[in-house]
Amino acid sequence: MEKDKLALFLLLALTLIQGVLGIGVNYGKLANDLPQPAQVAKFLSESTVINRVRLFDANPEILQAFAHTGIDITITVPSDEIPHLAKLNPAQQWVSTNVQRFIPATNIIRILVGNEVLATANKLLISNLVPAMQALHTALVAAPLDHRIKVSTPHSLGILSSSSPPSSGKFRQGYDTHVIKPLLNFLKATNAPFMVNPYPFYDCSTDTVDYALFRPNTGVLDDYTKLQYTNMWDAQLDAVYSAMEALGFEDVEIVIAETGWPSMGDLAQVSVDSQSAAEYNANLVRHVHSGIGTPLMPNRTFETYIFGLFNENLKPGPTCERNFGLFRPNMTPVYDIGILRNTAVADDHPKTLSLIMVVMSLNLAVKIFDMGLI
Ligand SMILES: *[C@@H]1O[C@H](CO)[C@@H](O)[C@H](O)[C@H]1NC(C)=O
């Protein structure tokens with residue numbers, strides 16, 4: 001190859017590697033020892049392959065910090081603001097204060113309205129959820145920003161009344177027609193994704209830990225579809241898909257707002273250590289990007305946000321809750337899954353993820369070259 005062609009080839013291969021490895025994280029802030037947002041933004045954009053960040057609020061300092069980083073940002077309307085935002089004027093005010101001030105320098109791509117609102121069982125929040133989403137969308141249309149910023153809301157899998165076998169997936173009665181159906185109608189009409197927070201970690205026991213961690217295991221057969229499930233992730237996503245299909249919305253995109261595995265916990269817990277956390281997250285990243293999809297959603301990829309960016313020392317509950325982070329507050333990795341840029345293409349462990357991505361990307365680069373596209 002000529003010199004400049006070789007340079008082009010290497011550039012293409014590198015770009016593809018970064019693209020394939022791109023991953024989202026949840027940037028939670030329930031801690032008193034986290035670095036300044038500006039440091040975090042610099043670190044993520046320069047030293048990691050993280051290319052999407054979800055915030056649990058619309059913190060102006062963080063939005064400012066991510067300006068010109070090229071990282072896609074998802075912001076959240078805190079749940080208690082939902083009733084107030086069901087009217088257009090306050091919604092327009094919200095968009096003006098929390099979105100318009102920061103774009104286009106900060107690449108805000110999505111507004112989430114609350115988090116796991118149905119799980120709160122708060123009637124005032126639940127009844128105003130879709131109206132608030134509609135009002136925010138209308139405000140975006142007027143801006144006009146609706147082509148680049150979508151409105152959605154994430155759910156826990158507690159919204160399902162049945163999830164096993166996956167083909168029996170159904171939304172809870174009552175919520176299905178009164179909230180979920182109008183919500184799915186809204187998402188479909190505005191081309192926004194349905195968002196869920198699946199955590200195989202919370203559903204697994206000693207018997208199912210291999211199934212939850214994507215390790216070799218005997219699998220689980222869905223007797224109705226005769227489809228074989230080799231991991232809990234696929235089973236959980238297909239239960240969500242089946243529930244959506246039962247309401248006639250199987251064509252709405254699914255995005256994973258949160259998933260993760262803690263690296264430390266209380267003694268009695270199964271597989272709560274950094275090795276298991278690294279395995280789960282590395283296997284997950286590979287799986288959602290592989291293009292294999294799930295048994296009911298073949299060939300699909302899923303935009304995914306790992307929970308979370310940092311260990312958060314002020315989170316309440318058992319020890320594991322404070323140890324879901326990929327990084328410690330001093331920005332050193334708790335474990336390495338190839339998310340750091342200098343290790344993503346080099347020689348660190350676990351080698352498999354990085355190596356597979358590199359080989360896939362090189363193959364693609366060779367193909368593009370062969371086809372004479374560059
Ligand atoms: C998935 O991809 C395979 C292999 O490329 C193809 O044979 C199959 O038809 C695809 N299935 C769907 C549902 O697109």
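Residues numbered from 1 in each chain as written. Predicted model: local features only at pLDDT ≥ 70, side-chain atom pairs only at ≥ 80, totals over all residues. Heavy atoms only, no water.

**Structural notes on the environment of Glu 81**
As a reminder, the rule being used: Helix numbering and strand numbering both begin at the N terminus, where a helix is a DSSP run of H or I of at least 4 residues and a strand a DSSP run of E of at least 2.
Position of Glu 81 among the secondary structure elements: in the loop between strand E3 (72-77) and helix H4 (88-100). With 51 residues separating them in the primary sequence, Glu 81 and Ala 132 have C-alpha atoms 9.2 Å apart.

**Side note on the environment of Asp 203**
Using the following cut-off: Contacts were defined at the residue level, with two residues in contact if any of their heavy atoms lie within 4.5 Å. Under this definition, polar contacts are N or O atom pairs within 3.5 Å; protein pairs additionally need one hydrogen-donor-capable and one acceptor-capable atom, and for neighbouring residues in sequence, both atoms have to be side-chain atoms.
Residue position: Asp 203 is located in helix H7 (residues 200-203). Excluding residues that lie within four positions of it along the chain, Asp 203 makes contacts with Thr 208, Met 232 and Gln 236. A distance of 2.7 Å separates the side chain of Asp 203 from the side chain of Gln 236, its partner in a polar contact.

**Overview of the pattern of salt bridges**
Put simply, the test is: The working definition used for a salt bridge is a side-chain nitrogen of Lys or Arg within 4 Å of a carboxyl oxygen of Asp or Glu. Any residue under 20% of the maximum accessible area for its type is buried, any over 50% is exposed, and the rest in between are partly exposed; the area is computed with a 1.4 Å probe on protein chains only.
Counted by the stated rule, this structure contains 8 salt bridges. When the shortest N-O distance is used, the salt bridge between Glu 303 and Arg 52 registers 3.5 Å. Remark: Arg 52 occurs in strand E2 (residues 50-55) and Glu 303 occurs in the loop between helix H10 (274-289) and strand E13 (304-306); sequence separation between them is 251 residues. The class of Arg 52 is partly exposed, set by a relative accessible area of 24%. A salt bridge links Arg 215 to Glu 279; its shortest N-O distance comes to 2.8 Å.

**Quick word on the confidence of the model for the protein**
For residues with low pLDDT, the predicted coordinates do not support detailed interpretation. As a reminder of what qualifies: Here pLDDT means the predictor's own confidence in every residue, given as a number from 0 to 100.
This prediction gives the protein a mean pLDDT of 90; 86% of its residues lie at or above 70. The low-confidence segment residues 343-352 (pLDDT under 50) makes 15 contacts with residues lying over four places distant or belonging to another chain.

**Some points on the sheet that holds E3**
Our working rule: By this definition, two strands are paired if DSSP reports at least two bridges between them. For helices, the fitted line uses only the C-alpha atoms of the stretch in contact; every axis is such a line through C-alpha atoms, and the angle between N-to-C directions lies from 0 to 180 degrees.
Read across the sheet, 9 strands follow the order E5-E4-E3-E2-E1-E13-E12-E9-E6 without closing on themselves; strand pairing throughout is parallel. The open sheet is flanked by strand E5 (150-152) and strand E6 (154-156), the only strands paired with a single partner. Across this sheet, the average inter-strand angle for adjacent strands is 25°, counted without regard to direction. Helix H6 (residues 175-190) rests against E5, E6 and strand E9 (194-197) of the sheet, and its axis sits at about 165° to E5.

**Examining unusual backbone geometry**
Backbone torsion omega between Ala 143 and Pro 144 reads -10°, so that peptide bond is classified as cis. For the bond running from Phe 307 to Gly 308, omega is -5°, close enough to zero to count as cis. Residue placement: Gly 308 occurs in the loop between E13 and helix H11 (341-344). Of note, the phi angle at Lys 226 is positive, near 65°, even though the residue is not glycine. Residue class for Lys 226 comes out exposed when judged on its relative accessible area of 57%.

**Considerations on helix H2 (residues 37-47)**
Our working definition: What the arc measures is the spread of directions leading from the helix axis to the C-beta atoms.
Among the residues of H2, those classed as buried are Pro 37, Val 40, Ala 41, Phe 43 and Leu 44. Each buried residue of H2 lies within a common arc of 165° when the element is viewed along its axis, so the set occupies one face. What points out from H2, more than 90 degrees from its buried face, is the exposed set Ala 38 and Glu 46. In this structure, the buried residues of H2 make contact with strand E1 (23-27), E2 and helix H3 (60-65).

**Concerning the environment of Gly 293**
Structurally, Gly 293 can be placed in the loop between H10 and E13. Its relative accessible area of 3% is what places Gly 293 among the buried residues. Taking the C-alpha atoms as reference points, Gly 293 and Asp 234, 59 residues apart in sequence, are found 8.1 Å from one another.

**Some details on helix H9 (residues 232-246)**
Threshold: Expected span, for any helix, means 1.5 Å times one less than how many residues it has.
Between its terminal C-alpha atoms H9 stretches 21 Å, which fits the 21 Å expected from 15 residues at 1.5 Å a residue. Burial analysis of H9 places 13 of its 15 residues in the buried class, which makes it a mostly covered element. For H9, the side-chain oxygen to backbone nitrogen distance between the N-cap and Trp 233 is 3.2 Å, and the N-cap itself is Asn 231.

**Quick word on the nonpolar core**
Basically, it comes down to this: Residues grouped as a nonpolar core are buried Ala, Val, Leu, Ile, Met, Phe, Trp, Tyr and Cys residues, joined through side-chain atoms within 4.5 Å.
Counting 108 residues, the largest nonpolar core has Val 53, Phe 66, Ile 75, Val 99, Phe 171 and Phe 194 as its most contacted members. If one sorts the elements of this core by residue count, helix H5 (residues 123-142) sits on top with 10 residues. Discounting chain neighbours no more than four positions away, the residues touching Phe 171 are Ile 159, Leu 160, Ser 161, Asp 176, Ile 180, Leu 184, Phe 194, Ala 243, Met 244 and Leu 247. Ranked by size, the runner-up nonpolar core spans 6 residues in total, among them Leu 112, Met 195, Val 255 and Ala 257.

**Let's talk about the pairing of E3**
Going by this rule: The definition of a right-handed crossover adopted here requires that, viewed with the strands pointing away, the path from the first strand over the helix to the second runs clockwise.
Counted residue by residue, E3 has 6 buried out of 6 residues, so it is predominantly covered. Here E3 shows no split at all, with Asp 72, Thr 74 and Thr 76 on one side and Ile 73, Ile 75 and Val 77 on the other all buried. For E2 and E3, the ladder comprises 3 bridges, and the chain directions are parallel. Considered in E3, the bridge of Val 53 is made with Ile 73. Crossover connection from E2 via H3 to parallel E3: handedness right-handed. What joins E3 to strand E4 (residues 107-113) is H4, and the crossover it makes is right-handed.

**Looking at the pairing of strand E12 (residues 254-259)**
Summarising burial for E12: 6 of the 6 residues are buried, a large majority. Pairing analysis gives 3 bridges linking E9 to E12, with the strands arranged parallel. Directly across from Phe 194, in E12, lies its bridge partner Ile 254. Bridging between E12 and E13 involves 2 bridges; their strand directions are parallel. Pairing of Thr 259 across the sheet is with Ile 306, part of E13. On the question of chirality, the crossover connecting E12 to the parallel E13 by way of H10 is right-handed.

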